[in-house]
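Structural overview
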Amino acid sequence: MWYERLQRFLYGRYGTDKLSIAILVAGLLLSLIGSLLFWPITLLADALYIWALFRTFSRNIPARQREYAAFLRFWTPAENWLRKKKQRFSQRKEYKYFKCPSCRQELRAPRGRGKIEVTCQKCHNVFRTKT
Ligand SMILES: [Zn+2]
């Protein structure tokens, strides 16, 4: 019974997305900062929680999708950058990373091969580097 009522309540509502989660995480950080430094900051955190709840239960789905698209325009490059850094860090023992001196394209080569000649995949510039 309560489950059906909950389903009826949630029907046609937007639900969560990465933006709502990002807002909640920002709220948590502000709560923490507020409780350590200056309590009025926690009010801002509460406002963020309310915003995230509002988005989740909103029936104005096109407006929420527009917000989400705007959020993804800067979030996706940031996420990709972070993923690249993470991959680079986890492979730091197997691969050496370097940039092509002419086009700045990021390249990698297996470590422990001594001096090698590299041909850039992007601009076909040939240069020597140590791995
Ligand atoms: Zn290049």
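Scroll up to find the structure.
Residues numbered from 1 in each chain as written. Predicted model: local features only at pLDDT ≥ 70, side-chain atom pairs only at ≥ 80, totals over all residues. Heavy atoms only, no water.

1. Overview of the nonpolar core
This is how it is decided: Working definition of a nonpolar core: buried Ala, Val, Leu, Ile, Met, Phe, Trp, Tyr and Cys residues. They are joined through side-chain atoms within 4.5 Å. Each residue's exposure class comes from its accessible area (1.4 Å probe, protein chains only) as a fraction of the maximum for that residue type: buried when under 20%, exposed when over 50%, partly exposed otherwise. By definition in these notes, contact holds between two residues if any of their heavy atoms fall within 4.5 Å.
Formed by Phe-98, Cys-100, Leu-107, Ala-109, Val-118, Cys-120 and Phe-127, the largest nonpolar core amounts to seven residues. Excluding residues within four positions of it along the chain, Cys-100 makes contact with Gln-105, Leu-107, Cys-120, Cys-123, Asn-125 and Phe-127. Grouped together as the second largest cluster of nonpolar side chains are five residues, Leu-19, Ile-23, Leu-48 and Phe-71 included.

2. Concerning the pattern of salt bridges
When the charged atoms of two side chains with opposite charge come close together, those side chains can pair. Short version of the rule: Should a side-chain nitrogen of Lys or Arg be within 4 Å of a carboxyl oxygen of Asp or Glu, the pair is scored as a salt bridge. Only DSSP runs of H or I covering at least 4 residues are called helices, and only runs of E covering at least 2 are called strands; the numbering of each starts at the N terminus.
Considering all chains together, one arrives at six salt bridges under this definition. The shortest N-O distance in the salt bridge between Glu-67 and Arg-64 comes to 2.8 Å. Residue Glu-67 and its partner Arg-64 are located together in helix 4 (residues 61-90), separated by three residues, close to a single helical turn. What makes Glu-67 partly exposed here is its relative accessible area of 25%. On the basis of relative accessibility, which here comes to 7%, the residue Arg-64 falls in the buried class. Of the charged contacts in the structure, one is a salt bridge between Arg-88 and Glu-106, with a shortest N-O distance of 3.2 Å. Highlighted residues: Arg-88 in helix 4 and Glu-106 in strand 2 (residues 106-110), separated in sequence by 18 residues. Judged by its relative accessible area of 29%, Arg-88 falls in the partly exposed class. Relative accessible area serves as the criterion here: at 27%, Glu-106 is assigned to the partly exposed category.

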